[in-house]
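Residue strings, one per chain:
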Amino acid sequence: MVEATLREGACHICKKRRFYVDEDSWTILLADNYDNRDQLWRVSEGRVINFYEEPLVSSTLGVHTDLQTGRYLALGLKNEFPVGTFDPNLTERDFTPAALRRMGRR
């Protein structure tokens, strides 16, 4: 568990955060976010999958729940897409604004 507390004089939406890190993959699996009243406000869950053939562990789904409003957001639903490549042979050219335009969809 890693705890982060807002530095005095700094401004942020969360006053304190706790990150629960998986000891094998070093992936954050759970995060508690506290408001300025030190009340638990939002909880974030990271779902991971083990790709044995690579080998690696990768995030597949993130769920962020606002405990005060009862709303949630789920990101990373990839069940309708093929598994991406983990060895794309990238070059410096792939990290330019032009590369982002080439990869974009309309």
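Here, every reference points to the structure presented above.
Conventions we followed
Residues numbered from 1 in each chain as written. Predicted model: local features only at pLDDT ≥ 70, side-chain atom pairs only at ≥ 80, totals over all residues. Heavy atoms only, no water. Helix = DSSP H or I, 4+ residues; strand = E, 2+ residues; numbered from the N terminus. Contact = heavy atoms within 4.5 Å. Patch = residues over 30% accessible without salt bridge, like charges linked within 9 Å, V, L, I, M, F, W, Y side chains within 5 Å. Areas by Shrake-Rupley, 256 points an atom, 1.4 Å probe, with all protein chains shown as cover. Salt bridge = Lys/Arg side-chain N within 4 Å of Asp/Glu carboxyl O.

Caption draft 1: Up close: the environment of arginine 102. Along the chain, the position of arginine 102 falls in helix H1 (residues 97–103). Along the sequence, arginine 102 and leucine 75 sit 27 residues apart, while their C-alpha atoms lie 24 Å from each other. When near neighbours in sequence (up to four residues on either side) are disregarded, arginine 102 contacts Arg93 and Asp94.

Caption draft 2: Structural detail: a nonpolar patch on the surface. Together, Val2, Val21, Trp26 and Ile28 give the surface a local cluster of nonpolar side chains, amounting to about 420 Å² of exposed area. One can find valine 21 in strand E2 (residues 16–21).

Caption draft 3: Fine view of unusual backbone geometry. With omega at -15°, the peptide bond leading from glutamate 54 into proline 55 counts as cis. With respect to the secondary-structure elements, proline 55 resides in the loop between strand E4 (40–51) and strand E5 (56–66). A positive phi is found at tryptophan 26, a non-glycine position, where the angle reads about 60°. Its place among the elements puts tryptophan 26 in the loop between E2 and strand E3 (28–34). For aspartate 38, which is not a glycine, the phi torsion comes out positive at approximately 65°.

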